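# Remarks on the overall topology
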Amino acid sequence: MTIYREEISVKSEKNHPTFHDVTVQVKEILARSGVQDGICVVYSHHTTCSVMTQECSHDHTYYGLEYLQQDLVNVMEKLVPQCLVEGQYLHPGPKHIDFAMNEAKEVGEWTSLNTDGHLRSVFFGRSETIVVVDGALDLGEFGYIYFVDWDQIRDRDRVVQVQIMGE
């Protein structure tokens, strides 16, 4: 059995959830792995991010989101509104702020106002497992792989982890 791992670097933007289509990069990683049959796991260790497979909507908003992505953002805004001020959610509490400032060396208390991102990532999860058949990802006719950063507080460098297992 082969186990192969690579990472994809992406840059998220502030002021809105950022969707990254990583389908092509994951297919390239699969090709480099040499695996013909097995599974491909696309994972985020960032707790405000999700990985999902979904159809490409093709049409885009003025901010660059595909229409289906914007629909998803609109639904999530109703379920879990963007965290705009301290006290809007229980998290972050004083102990977390102390940790963020003194241990994690954050640049300001405001960087912890991303509770909405944490909650949204719980709904969608932080990974997808895709079956590999005959050296190809079994995504179906319309499937794409998206890495979603729900954290709207600031621009962020993010890492998408890809691990492929099989023969």
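Residues numbered from 1 in each chain as written. Predicted model: local features only at pLDDT ≥ 70, side-chain atom pairs only at ≥ 80, totals over all residues. Heavy atoms only, no water.

### Here's the deal with unusual backbone geometry
Where we set the bar: Secondary structure is summarised from DSSP: a helix means a run of H or I of at least four residues, a strand means a run of E of at least two, and numbering begins at the N terminus for each. Remark: exposure states derive from per-residue accessible area (1.4 Å probe, protein chains only) relative to the maximum for the residue type, with buried under 20%, exposed over 50%, and partly exposed in between.
Along the chain, H91 connects to P92 via a cis peptide bond; the corresponding omega equals 0°. Along the chain, P92 turns up in the loop between α2 (67-79) and α3 (94-102). Of note in this structure, N15 is not a glycine but carries a positive phi near 75°. Tracing the backbone through its elements, the reader meets N15 in the loop between β1 (2-12) and β2 (18-21). Positive phi, normally seen in glycine, also occurs at H58, with a value near 70°. Along the polypeptide, H58 turns up in the loop between β4 (49-55) and α2. Judged by relative accessible area, H58 falls into the exposed class, the value being 54%.

### As for the side chain of D149
Here is the rule: Pairing of N or O atoms within 3.5 Å defines a polar contact, subject to two protein rules: one partner must be a possible hydrogen donor and the other a possible acceptor, and residues neighboring in sequence count only if both atoms are side-chain atoms. Only heavy atoms enter the contact rule, under which two residues are in contact if any of them lie within 4.5 Å.
Within the secondary structure, D149 sits in strand β7 (residues 143-149). Separated by 2.9 Å, the side chain of D149 and the backbone nitrogen of D151 make a polar contact. In this structure the side chain of D149 is engaged in a polar contact, spanning 2.8 Å, whose partner is the side chain of R158. Discounting chain neighbours no more than four positions away, the residues touching D149 are S12, P17, T18, T48, C49, R156 and R158.

### A few points about a nonpolar patch on the surface
Operational definition: Without a salt bridge and with relative accessible area above 30%, a residue can belong to a patch; like charges are then joined within 9 Å and nonpolar side chains (Val, Leu, Ile, Met, Phe, Trp, Tyr) within 5 Å. Only the protein chains shown count as cover for residues, and all accessible areas are computed by the Shrake-Rupley method using a 1.4 Å probe. Salt bridge, as used here: a side-chain nitrogen of Lys or Arg that lies within 4 Å of a carboxyl oxygen of Asp or Glu.
On the surface, I39, V131 and V133 cluster together to form a nonpolar patch covering roughly 200 Å² of accessible area. With respect to the helices and strands, V131 occurs in strand β5 (residues 127-133).

### Quick notes on the sheet that holds β7
We apply this condition: Pairing between two strands is assigned when DSSP locates at least 2 bridges connecting them. Working convention: axes come from line fits to C-alpha atoms, limited for helices to the stretch in contact. Angles between N-to-C directions cover 0 to 180 degrees.
Pairing in this open sheet of three strands is antiparallel, and the strands run β2-β7-β4 from one edge to the other. The strands lining the two open edges of the sheet, one partner per strand, are β2 and β4. Put simply, the sheet's adjacent strands are angled 30° from each other on average, direction ignored. Bridging between β4 and β7 involves seven bridges; their strand directions are antiparallel. Among the inter-strand pairings, S50 is bridged to a residue of β7, identified as V148.

### Describing helix α4 (residues 115-124)
Counting along an α-helix, one turn takes 3.6 residues, and residues three or four places apart therefore face a common direction. For α4, every residue scored as buried is listed here: T115, D116, G117, R120 and S121. Residues of α4 that are buried sit in contact with β4 and α2. Two residues or fewer past α4, G125 is found with a positive phi of approximately 80°.

### Section: the state of the cysteines
Threshold: By disulfide we mean two sulfur atoms from cysteines, separated by a distance within 2.5 Å.
Under the counting rule described, the total for this entry stands at zero disulfides. Counting only cysteine sulfurs, C83 is the nearest neighbor of C49, a cysteine outside any disulfide, at a range of 16 Å.

Take it as geometry only, folks, not as evidence of what the structure does.
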